[in-house]
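This is what each chain is made of:
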Number of protein chains: 4
Amino acid sequence: MKRLNIGLVGYGFMGRTHSNAFLQAPRFFDLPMQPVLKAVAARNEERVRKFAANWGYESYETDWRNLVPRKDIDVIDIASPNDTHHEIAIAAAKAGKMVMCEKPLGRSAKEAQEMVDAVERTGVPNTVWYNYRRVPAVTLIKQLLEEKKFGRIFHYRAGFLQDWTISRDLPQGGEGLWRLDVAVAGSGVTGDLLAHNIDTAMWLNGPIAEVSAMTETFIKQRLHTLTGKVEPVGIDDASACLARFENGSLGLFEATRYARGHKALYTLEINGEHASASWDLHDLHRIQYFDHRDEGRVRGWRNIHVTDGDQPYMKHWWVPGLQIGYEHTFTHQFMEFVHAAAKGASLAPTFRDGLATDRVTDAVLKAAQSRQWEKVQTS
Amino acid sequence: MKRLNIGLVGYGFMGRTHSNAFLQAPRFFDLPMQPVLKAVAARNEERVRKFAANWGYESYETDWRNLVPRKDIDVIDIASPNDTHHEIAIAAAKAGKMVMCEKPLGRSAKEAQEMVDAVERTGVPNTVWYNYRRVPAVTLIKQLLEEKKFGRIFHYRAGFLQDWTISRDLPQGGEGLWRLDVAVAGSGVTGDLLAHNIDTAMWLNGPIAEVSAMTETFIKQRLHTLTGKVEPVGIDDASACLARFENGSLGLFEATRYARGHKALYTLEINGEHASASWDLHDLHRIQYFDHRDEGRVRGWRNIHVTDGDQPYMKHWWVPGLQIGYEHTFTHQFMEFVHAAAKGASLAPTFRDGLATDRVTDAVLKAAQSRQWEKVQTS
Amino acid sequence: MKRLNIGLVGYGFMGRTHSNAFLQAPRFFDLPMQPVLKAVAARNEERVRKFAANWGYESYETDWRNLVPRKDIDVIDIASPNDTHHEIAIAAAKAGKMVMCEKPLGRSAKEAQEMVDAVERTGVPNTVWYNYRRVPAVTLIKQLLEEKKFGRIFHYRAGFLQDWTISRDLPQGGEGLWRLDVAVAGSGVTGDLLAHNIDTAMWLNGPIAEVSAMTETFIKQRLHTLTGKVEPVGIDDASACLARFENGSLGLFEATRYARGHKALYTLEINGEHASASWDLHDLHRIQYFDHRDEGRVRGWRNIHVTDGDQPYMKHWWVPGLQIGYEHTFTHQFMEFVHAAAKGASLAPTFRDGLATDRVTDAVLKAAQSRQWEKVQTS
Amino acid sequence: MKRLNIGLVGYGFMGRTHSNAFLQAPRFFDLPMQPVLKAVAARNEERVRKFAANWGYESYETDWRNLVPRKDIDVIDIASPNDTHHEIAIAAAKAGKMVMCEKPLGRSAKEAQEMVDAVERTGVPNTVWYNYRRVPAVTLIKQLLEEKKFGRIFHYRAGFLQDWTISRDLPQGGEGLWRLDVAVAGSGVTGDLLAHNIDTAMWLNGPIAEVSAMTETFIKQRLHTLTGKVEPVGIDDASACLARFENGSLGLFEATRYARGHKALYTLEINGEHASASWDLHDLHRIQYFDHRDEGRVRGWRNIHVTDGDQPYMKHWWVPGLQIGYEHTFTHQFMEFVHAAAKGASLAPTFRDGLATDRVTDAVLKAAQSRQWEKVQTS
């Protein structure tokens with residue numbers, strides 16, 4: 001079987017989820033190419049060596065610039081902090097490598113646009129790791145929408161609520177904390193969390209035309225790990241917006257790291273003329289589904305445990321009632337990327353889809369500043 | 001309009017729920033007779049006078065023996081402790097009065113049998129206050145069963161879990177605590193709580209043929225309020241049984257006052273070939289309903305909020321989504337009793353139905369002693 | 001005991017909930033005055049006579065103008081459509097009558113301001129029926145906030161989701177449908193549903209400073225029952241806003257009658273530094289409460305069944321685990337109004353509180369038009 | 001690092017979960033030995049070759065008798081049908097191999113006793129795959145019990161409800177259906193499902209002293225795949241029992257494959273004097289925990305999402321809020337087995353623990369026949 005030689009950049013949280021996907025996908029799915037964990041690149045040699053050994057990478061590099069041009073690499077997977085995506089992706093595309101990139105694609109739509117230009121110019125297969133599309137329950141909602149079960153859509157709402165940065169003592173920057181450093185992350189929860197909500201929303205409900213927004217930074221200054229000084233916090237701690245979808249439906253979105261009690265509560269709900277559905281990440285294998293066409297007296301929200309063989313992805317795993325975990329979303333996306341790549345195609349969400357999301361998050365940040373409704377850029 | 005003159009015995013918790021029902025029923029439902037709160041009887045004159053004033057009773061008595069023969073009384077409602085049911089009901093029947101009686105009907109099937117004999121001999125309309133049949137959600141399950149939505153029944157399980165007697169410092173006997181005094185109550189949770197489970201079970205799923213059971217008294221002695229001495233506890237604190245229904249299905253029942261964290265958690269579930277349903281008292285306006293005939297991928301337990309106008313009883317109350325309280329189960333039962341009484345008929349659960357439940361609880365207590373399966377007495 | 005003679009205007013849904021409260025309050029609570037259902041006024045004589053008979057009103061009027069000046073009336077209760085509130089309340093205040101008024105107070109802040117002026121000029125006790133403050137569970141959240149359990153507040157979000165106007169065939173105007181007629185209602189869901197969210201929000205979390213909003217009318221024209229013609233729909237079918245509270249926290253609000261599957265889903269959640277709480281009307285007796293000070297491994301959202309005697313209002317009703325219904329919120333508010341009125345005082349939410357809410361809903365409607373953030377008027 | 005050479009028997013559902021655990025454990029946990037997937041044995045050569053290739057086994061055998069004596073094998077893992085456990089385990093023990101065995105250990109306590117004798121005679125490390133002990137949420141309950149948070153235990157109840165055999169058209173025996181063939185399985189749901197309930201129960205709450213039970217076979221005959229004939233069904237379709245634990249608490253257990261709507265609903269609840277906890281497999285990452293020592297008004301069942309780093313096992317996986325799947329229960333058990341094996345020790349549940357469960361299930365089956373309470377054999 002043809003091999004797909006993978007070069008990973010980054011050994012953090014996402015480096016682990018991706019590596020796991022590379023190893024698990026061929027065990028549970030038929031793939032047209034055999035993934036090979038060829039090399040991983042990251043700066044700290046001791047740690048990258050250890051990471052490579054743990055996950056079975058054949059080799060490692062301490063500079064991604066050495067990884068990209070390697071002849072034995074087919075695909076570059078970018079799992080390093082946001083400020084590196086732009087440069088690595090463009091270099092990879094120029095080197096003719098396929099590219100998989102963590103989200104958000106760029107720190108801004110401008111960066112993302114250049115990345116799109118690069119991959120489209122060379123035509124390399126690409127994808128962005130908006131992994132929540134591949135939760136079986138979320139995919140089921142997509143299928144139900146495509147089957148026109150909902151009728152005209154009136155409302156879409158989503159949130160991503162966390163509480164891990166409430167303490168004033170948490171520093172910004174450095175290992176595991178770069179998400180609080182605006183220079184690295186680009187933005188706060190808007191790019192980190194709201195972007196997930198937006199990507200799924202547009203996948204399920206189509207383009208967003210315009211937004212009104214507010215953002216807030218509750219803790220105004222924090223110790224910066226790298227400088228050793230207390231410095232202003234540049235990221236948004238919370239972000240919320242009203243949105244108009246192109247199909248006329250109304251959107252409400254909110255992301256925050258200050259919602260005490262919520263760990264990673266990604267929720268979404270869509271209300272149509274005939275049916276509604278909702279999902280949340282803390283019970284990721286369930287959807288709630290309401291169908292108005294059910295008999296009146298026994299009409300109710302159906303609590304569906306998405307673990308049966310006729311539901312998305314699940315026949316490849318265990319038996320009904322036995323759930324899979326968060327990490328399997330990456331396994332599913334990688335599995336489908338291999339199928340696309342084998343045909344020379346990109347996999348949605350592509351870089352172009354990632355750009356679309358960056359345009360919305362840009363509009364959110366702009367609207368929060370301008371205190372006006374802002375149109376989402378379309379080209 | 002013809003009047004229905006009511007004479008209530010007892011001013012405790014149940015005296016209040018019944019009085020409220022008498023007042024509320026005609027406001028929300030069309031009744032063929034006008035209920036009149038004619039008199040209430042209880043021993044403590046100061047308290048009974050106050051109770052009568054509060055609820056609008058026209059008069060009061062300090063001895064039920066004076067109430068029963070009164071010419072201006074049509075129906076005797078027995079809401080006094082269990083050890084009084086037998087004598088009052090028989091006296092009322094002999095006096096030609098209709099009788100409503102709190103559950104359990106007797107402290108034993110023997111007492112209940114004599115009460116049945118009395119009302120059947122004189123043909124007076126009668127009912128037993130197993131109020132949970134008239135929770136709209138429970139009534140809905142009954143309707144669905146009658147419409148044959150479930151197919152063959154395989155399983156029925158129910159429980160009634162409380163935690164209010166765990167403390168060793170709680171005395172037995174006296175005001176509000178007669179339920180811990182076996183001489184007054186007849187039994188512990190078997191007659192108080194399990195009896196509710198059994199009544200509903202037989203209404204929904206037919207007669208129970210035989211049981212195996214265990215009971216336990218966790219706190220073996222308690223201060224008796226009336227004697228002032230620490231005395232052995234005669235009631236069962238917990239009671240559980242396996243049961244065979246006549247239709248071949250399997251039953252599991254459990255009642256306890258030692259399930260920490262549960263206030264009054266009456267739960268029931270019935271599993272049939274095609275459908276299943278469940279309910280619990282802590283969310284009394286909801287049922288969970290599963291219908292295997294739903295399309296596979298979107299099959300799930302329907303969480304039905306039983307508050308719409310096409311659901312049992314609800315068109316008489318508010319609007320969809322707005323729930324009613326526990327006390328309205330009594331309002332519903334009384335409303336239906338007035339309709340039955342106007343035709344000279346009894347209302348299910350009748351005294352005969354109450355006897356059937358007492359026979360099952362007797363069998364449970366006997367099986368717990370004999371350590372054998374015990375047949376439920378049928379005549 | 002001193003009597004409180006009540007004159008009710010309106011015999012619709014709210015006329016029923018109020019009348020029930022007048023009858024129930026003295027049965028379950030000690031009141032300093034005895035409520036008397038003196039008279040009800042409404043236009044249709046046959047119906048008002050029947051209503052008076054059903055609820056025990058001593059008399060009726062077919063014009064509220066005859067009711068207001070009656071010497072035997074102490075308090076005017078306005079339960080008629082929104083377009084009548086202004087005129088009746090001002091007339092009642094001028095006549096020196098206490099006034100209870102359904103929400104929203106006015107169809108606009110301008111109307112409400114004049115009503116406030118009227119009652120404050122004559123000093124008559126007054127209240128607005130924002131009944132959800134008196135759900136025991138919601139009151140418990142208020143108490144926890146007052147005890148400073150939450151610390152600094154970061155977020156507040158609330159919604160009121162219904163689905164009863166989705167059908168195109170539903171007419172606007174006329175019996176039971178005046179809420180769709182903008183001339184009568186003043187606005188659509190903004191005044192009808194969002195106003196409830198706003199009232200509770202400001203009670204729990206303080207004043208709202210500014211809003212950005214969007215509204216939508218999904219069905220643009222409907223048959224008007226009164227004219228017999230298809231006419232433009234003037235109300236908003238959906239309304240959502242971003243809000244800044246004066247305490248710096250962020251607010252998100254949404255009301256709609258197009259959220260398929262939701263009957264009357266009023267939800268609220270508040271997130272503070274140390275604790276969070278949420279509630280929804282479909283399970284009105286529960287709150288979810290999270291306290292970060294709990295031990296880490298066993299920290300979770302506490303599902304609290306607000307039915308114990310130490311929880312707000314509940315010792316007056318049944319026993320733990322047994323819930324009360326929607327209508328009891330009116331009973332609680334009326335009970336507290338009688339206590340206030342006995343001292344010549346108004347009860348929160350007063351007309352002034354009702355005005356504050358109307359100012360927010362006015363700002364919401366204005367912002368939806370202006371596409372700008374709008375400050376909430378403060379004087 | 002020292003290697004642990006594994007020889008697997010069986011390539012069915014459990015062969016997959018075990019193989020996955022062998023591969024995943026070293027990626028996420030530090031292990032004292034390096035697992036090596038040395039060989040897999042199963043009868044169908046084409047299928048076993050494919051299975052070996054998929055999971056990376058270095059070799060395969062078509063007869064387990066060739067696998068057991070291989071010098072390059074350290075541990076035999078038995079994942080084949082129940083009727084093979086006894087012979088393979090004893091052969092492996094005699095060959096001095098460590099043994100991991102799927103549950104139930106034997107088809108009867110007699111078989112299990114001989115297996116225990118075999119491993120104890122040779123002293124080989126052993127374990128039985130009662131995997132649910134290693135659900136992080138279940139392990140958390142165990143920790144809380146060991147910390148004495150519950151006080152005296154009053155009640156334990158558990159169930160395992162499925163619905164996959166309701167159809168009359170389902171055959172017995174053959175590929176994937178041997179669980180319906182009593183000769184292979186030993187019993188029906190008693191050994192397959194109730195055994196899981198019993199294992200966890202005794203781990204959490206100590207030994208069971210005696211039981212009363214009922215079993216039922218709803219579908220009396222089915223086509224046997226191997227004989228091609230309709231034959232009597234020998235297994236129990238449903239099984240329920242009352243139990244007394246040695247600590248005086250009361251137990252209730254039920255397993256069935258006829259509970260329409262439930263896929264694999266393993267539930268458990270334990271009620272103590274001070275605290276209670278419950279869990280169910282359909283939401284495997286949550287426990288409900290009630291602590292009576294919480295402040296009264298805000299006392300409630302804590303809904304704990306067991307995904308934080310201070311909760312069992314979870315620091316090795318992702319971040320708070322992100323759950324893991326069913327299969328990781330095997331990963332955890334295998335990880336701990338490697339630690340034990342490295343010291344020459346067995347891992348609980350050991351074969352002796354597996355025997356204890358078989359003794360309870362034997363007593364259940366016997367009681368269902370004898371219609372008597374049956375003592376659980378203790379030696």
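Just above, that's the structure.
Below is a summary of the structure that appears in this document. (Residues numbered from 1 in each chain as written. Chains lettered and ligands numbered in written order. Predicted model: local features only at pLDDT ≥ 70, side-chain atom pairs only at ≥ 80, totals over all residues.)

Next up on the list: the overall build of chain A. Per the secondary structure count, chain A includes 10 helices and 17 strands. For chain A, the spread of C-alpha atoms along the three principal axes comes to 65 × 55 × 40 Å. Within chain A, the proportion of its 379 residues that are buried is 63%. For chain A, the share of sequence-separated contacts (at least 6 apart) that also reach a separation of at least 24 residues comes to 69%. (Helix = DSSP H or I, 4+ residues; strand = E, 2+ residues; numbered from the N terminus. Buried ≥ 20, exposed ≤ 12 C-beta atoms within 10 Å, placed from the backbone. Contact = placed C-beta atoms within 7 Å.)

This part covers helix 9 (residues 328-342) of chain D. All names here are of chain D. Look at helix 9: 21 Å from first C-alpha to last across 15 residues, which is about the 21 Å you get at 1.5 Å a residue. Here helix 9 lies mainly inside the structure; 11 of its 15 residues are buried. Of all the residues in helix 9, the buried ones are His 328, Thr 329, Phe 330, Thr 331, His 332, Gln 333, Phe 334, Met 335, Phe 337, Val 338 and Ala 341. In this fold, the buried residues of helix 9 make contact with strand 1 (3-9), helix 1 (13-28), strand 2 (34-41), strand 5 (98-101) and strand 6 (126-128). Within two residues after helix 9, Gly 344 carries a phi angle of roughly 75 degrees, on the positive side. (Expected span 1.5 Å × (residues − 1).)

Of the transformation superimposing chain A on chain C, the axial component is 0.0 Å and the angular component is 180 degrees, with the fit at an RMSD of 0.0 Å. What the superposition gives is, in effect, a two-fold axis relating one chain to the other. Minimal C-alpha distance to the rotation axis in chain A is attained by Gln 372 of chain A, lying at 2.8 Å. A symmetric contact is evident, with 97% of the interface residues of chain A recurring at the interface of chain C. (Least-squares fit on C-alpha atoms with pLDDT ≥ 70 in both.)

If you look at the interface, chain B gives 30 residues, while chain D gives 29 residues. Looking at the side of chain B that touches chain D residue by residue, the classes come out as 15 nonpolar, 10 polar and 5 charged. (Nonpolar A, V, L, I, M, F, W, Y, C, P; charged D, E, K, R; others polar.)

So, about the sheet that holds strand 6 (residues 126-128) of chain B. Residues and elements named next belong to chain B. Strand order across the open sheet formed by 6 strands is 3-2-1-4-5-6, with parallel pairing between neighbours. Of all strands in the sheet, those with a lone pairing partner are strand 3 (59-61) and strand 6, marking the two edges. Strand-to-strand, the axes of this sheet are offset by a mean angle of 20 degrees, without reference to chain direction. Relative to strand 5 (residues 98-101), strand 4 (residues 75-78) runs parallel, the two sharing 4 bridges. Residue pairing across strands places Asp 77 opposite Met 100, the latter belonging to strand 5. (Pairing = 2+ DSSP bridges. Axes fitted to C-alpha atoms, helices over the stretch in contact; angles between N-to-C directions.)

Another point: the interface of chain A and chain C. Across the contact, 30 residues belong to chain A and 29 residues belong to chain C. Per-element accounting of the side of chain A that touches chain C gives the leading share, 4 residues, to strand 12 (residues 250-256) of chain A. Partitioning the side of chain A that touches chain C into residue classes produces 15 nonpolar, 10 polar and 5 charged.

Residues and elements named next belong to chain C. As summarised here, the arrangement of the 6 strands in space is 3-2-1-4-5-6, forming an open sheet in which the pairing is parallel. Edge positions in the open sheet fall to strand 3 (59-61) and strand 6 (126-128), since each of these has one partner strand only. For this sheet the average axis-to-axis angle between neighbouring strands, irrespective of direction, equals 20 degrees. Relative to strand 4 (residues 75-78), strand 1 (residues 3-9) is paired through 4 bridges, and the arrangement is parallel. Looking across to strand 4, one finds that Leu 8 is bridged to Asp 77.

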